[in-house]
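These are the residues of each chain, in order.
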Amino acid sequence: MPGDYSNTKFYVNIYTQKQRWKLLLLLAALMIGTASLWYTNRLVNKLAIEERKKIELWAEATRRLADVSELNTDINFLSNVISNNNTIPVIWADDKFNPISSRNLDSLQSLSEEYLRKQIVEMRAVHDPIEIHIGTIKQYILYRDSELLIRLRYYPYFQLAVIALFLLVSYLAFSNSRKAEQNQVWVGMAKETAHQLGTPLSSLVAWLEFLRLKGMSSDYTNEIEKDINRLQTITERFSKIGSAPSLTKVNIHEVLKHSVEYIKTRSSDKVIFDLKVPATEVWAPLNVPLFEWVIENILKNAIDAMSGNGKIDVNITNQHQFVYIDICDTGKGIPKSSYKTIFKPGFTTKSRGWGLGLSLSKRIIEEYHDGQIFVKNSEMNKGTTFRIVLKK
């Protein structure tokens, strides 16, 4: 459980290792994507230059065939040059950009002069027109990229999108599989702990009755009974992990009062507890042992954050559909960047601790009680407020 929030060193580095791997994978994906885009753009630029040369050759061939003064021209060769262009859309226009003829455009739509004029505007926006002179007449050859070049230009983006989708699906599948394994480990450890505690607890109950029969002072036996009851409560909590606990509508005032009193008797006199409840009773469906576990976790965190010296306010706000429980301390505060990460398994700032308290609390509130738990606000060196939202 997080305690000294100002300490930025994580003694349990499960979470930081996970974040590091995510960053490395993201960096590798960005490098691969950048390299792919760079190489494809370079290839596209080379093909665009080749297409420009091809159109310039096509334009020269068109000019020579149209220029009757060049009678010694090899007509067959020029015709082959013109007919070999089967991929690049081309329009031959006059000096005012009125269409004369076209090639490799839609055969039906190209019969419309309006369509050709629209194509001329688009072609001029993409490539500079190629100027040709037939005698004293100036004309233009306009073109746009071939379908192959257009597809190649957008191919890397499509490829990266497919790769990103594959990585996302793979990550989600792996993450869900890992979470399922983690849940099985959690459940197995919790139930095994409950099972292991059960046998010595039964023995302790029997020994307690034996001591009472032997006439041991009630002062001693009552204290032993309190500890045994506490162990039984802990065992019950662990036994409920992994299975849907039954919820019973209870008075939240009494539950919070019991939890606060329990922590109060086990904390320093320098810690002041202030429980503020509405005038009317507030009822909500709870599993009391698990809910008390959450409250105790948060209160212990607050005491650690205050180094055993400060004030803890527990406030209940009763609304029509929801109950809000705010637990405020006067501790060292939580950085805003850690508001969510403190609930991650393995996140801790204490030299002793596994970083599971708040993670378990979140699971109990959100999965078992269909509620919410989050950091409402925090100021460094002033304090932190945790909020629990429960449905009535």
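Scroll up a little and you will see the structure.
Computed from a predicted model, the values in this text were never measured in an experiment.

Whenever I open this one, helix 6 (residues 252–265) confuses me. Can you help?
Under the 1.5 Å per step criterion, the end-to-end length of helix 6 is 20 Å for 14 residues, consistent within 8% with the ideal 20 Å. Where helix 6 is concerned, the buried positions are I252, H253, V255, L256, S259, V260, Y262 and I263. Two or three places before H253, at the opening of helix 6, N251 has a side-chain oxygen 3.0 Å from that residue's backbone nitrogen.

What exactly am I supposed to notice about the pattern of salt bridges here?
Two side chains that carry opposite charge are able to pair once their charged atoms sit near each other. Here the structure, examined in full by the defined rule, presents 17 salt bridges. Between R212 and E209 there is a salt bridge whose closest N-O contact spans 3.3 Å. Of the two residues, R212 and E209 both sit in helix 4 (residues 147–213), three residues apart, roughly one turn of that helix. Where salt bridges share partners, they join D274, K276, K311 and D313 into one cluster.

Sorry, what's going on with unusual backbone geometry here?
Among all residues except glycine, the phi angle is most often negative; among peptide bonds, the trans geometry is most common. Residue N104 is not a glycine yet carries a positive backbone phi of 65 degrees. Inspection of the secondary structure assignment puts N104 in the loop between strand 2 (99–103) and helix 3 (113–126). Of note, the phi angle at N381 is positive, near 65 degrees, even though the residue is not glycine. Relative to the helices and strands, N381 is located in the loop between strand 10 (372–379) and strand 11 (383–391).

What is the right way to look at the packing of helix 6 against helix 7 (residues 288–305) in this model?
In helix packing, the relevant descriptors are the interaxial angle and the interaxial distance, both defined with respect to the helix axes. Contact geometry for helix 6 and helix 7: axes closest at 9 Å, N-to-C directions at 45 degrees. Taken together, the axes of helix 6 and helix 7 are oblique relative to one another. Both helix 6 and helix 7 take part in a crossing whose hand is right-handed. Residues V255, L256, H258, S259, V260, Y262 and I263 of helix 6 touch helix 7, and the partners they reach there are V288, F291, E292, I295, E296, L299, K300 and I303. Partitioned by chemical class, the residues of the contact of helix 6 with helix 7 number ten nonpolar, two polar and three charged.

The rules behind these values
- Residues numbered from 1 in each chain as written.
- Predicted model: local features only at pLDDT ≥ 70, side-chain atom pairs only at ≥ 80, totals over all residues.
- Heavy atoms only, no water.
- Helix = DSSP H or I, 4+ residues; strand = E, 2+ residues; numbered from the N terminus.
- Expected span 1.5 Å × (residues − 1).
- Buried < 20%, exposed > 50% of the residue type's maximum accessible area, 1.4 Å probe, protein only.
- Polar contact = N/O pair within 3.5 Å; in protein donor to acceptor, adjacent residues only side chain to side chain.
- Salt bridge = Lys/Arg side-chain N within 4 Å of Asp/Glu carboxyl O.
- Axes fitted to C-alpha atoms, helices over the stretch in contact; angles between N-to-C directions.
- Parallel < 35°, antiparallel > 145°, perpendicular 65-115°, else oblique.
- Left-handed = near helix turned anticlockwise from the far one by under 90°.
- Contact = heavy atoms within 4.5 Å.
- Nonpolar A, V, L, I, M, F, W, Y, C, P; charged D, E, K, R; others polar.

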